[in-house]
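Report on the structure
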Amino acid sequence: MLTEIRRKAGTFVLRRESARVLRDKRICNLSKASDVGVLYYLHDEATYSLVSAFVKQLQEEGKHVKALGYVESKSLTGRFLPRLSYDFLYPSGLSWSFKPVSAHARDFIETKFDILIDLSMKDHLPLMFLSGLSMATFKVGLDSGPRSDFLDLMIKLPENGKLDDLIKHIHHYLSEINKENEN
């Protein structure tokens, strides 16, 4: 019951604060982007492997990538090698209303990414805060009712869609959207 009260308070705070965010909204093709932010919910090693491969692909395409994963267990991240472009958000870095307040979270929110990619497959309030308050010019993620107010491009997957499907679709659409005429 207390968790539900906290969640409702967090949703209220998120709606209020995200309505005040003034950002320069622009559609950005992946080829034109230089700075990319990646959000994800880290719950197992398979997720970390998929996100790592995607981040590596973006870096090989010449993008400066900063990834922030929300982890509910510190022991999970202990198995991964620290990497310069990866940060983690833990429950200890959240306020009572689930708003991220850690230094990593504040830095992520204030960074003006050309593209913010939200790879979370479910609605996690801390990740919604990061997406909703982000200063990114173009925000992309999974089509979800609660996140629709914060994203500029939403990808719809079938009910049985998986993270690797979302990554493929996001990469495809970001490569094609707003593509300059090559004729």
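Residues numbered from 1 in each chain as written. Predicted model: local features only at pLDDT ≥ 70, side-chain atom pairs only at ≥ 80, totals over all residues. Heavy atoms only, no water.

With that settled, consider the sheet that holds strand β6 (residues 153-155). Judged by pairing direction, the sheet is parallel, and its 6 strands sit side by side in the order β3-β2-β1-β4-β5-β6 without closing on themselves. The sheet is open, and its two edges are formed by β3 (86-89) and β6, each paired on a single side. Neighbour-to-neighbour, the strand axes of the sheet open up by a mean angle of 20°, direction not taken into account. Where strand β4 (residues 115-118) and strand β5 (residues 139-142) come together, 3 bridges link them in parallel fashion. (Pairing = 2+ DSSP bridges. Helix = DSSP H or I, 4+ residues; strand = E, 2+ residues; numbered from the N terminus. Axes fitted to C-alpha atoms, helices over the stretch in contact; angles between N-to-C directions.)

Quick look at helix α6 (residues 163-176) now. Here α6 is 14 residues long and its end C-alpha atoms lie 20 Å apart, about the 20 Å a rise of 1.5 Å per residue gives. Among all positions in α6, only L163, L166, I167, I170, H171 and L174 are buried. Around the axis of α6, the buried residues are gathered within 130° of arc, so they sit on the same side. A positive backbone phi angle near 55° is found at N178, which sits one or two residues after α6. (Expected span 1.5 Å × (residues − 1). Buried < 20%, exposed > 50% of the residue type's maximum accessible area, 1.4 Å probe, protein only. Arc of directions from axis to C-beta.)

A full pass over the atoms with the stated rule returns 3 aromatic pairs. Each ring, one from Y48 and one from Y86, has its centre 5.7 Å from the other, and the planes form 45°; the classification is tilted. Residue Y48 is located in helix α2 (residues 45-60), and its partner Y86 is located in strand β3; the two are separated by 38 residues in the primary sequence. We note that Y48, like Y86, is buried. Summarising the aromatic geometry, the rings of F108 and F113 are spaced 4.9 Å apart at their centres and angled 50° between planes, so their arrangement reads as tilted. When sorted by exposure, F108 lands in the same class as F113, which is buried. The ring of F98 has R6 sitting right over it, with the charged end atom 4.1 Å from the ring centre. The aromatic ring of F98 is capped on one face by R7, whose charged end is 5.4 Å from the ring centroid. (Phe/Tyr/Trp six-rings, centres within 6.5 Å; stacked < 30°, edge-to-face > 60°. Lys NZ or Arg CZ within 6 Å of the ring centre and 35° of its normal.)

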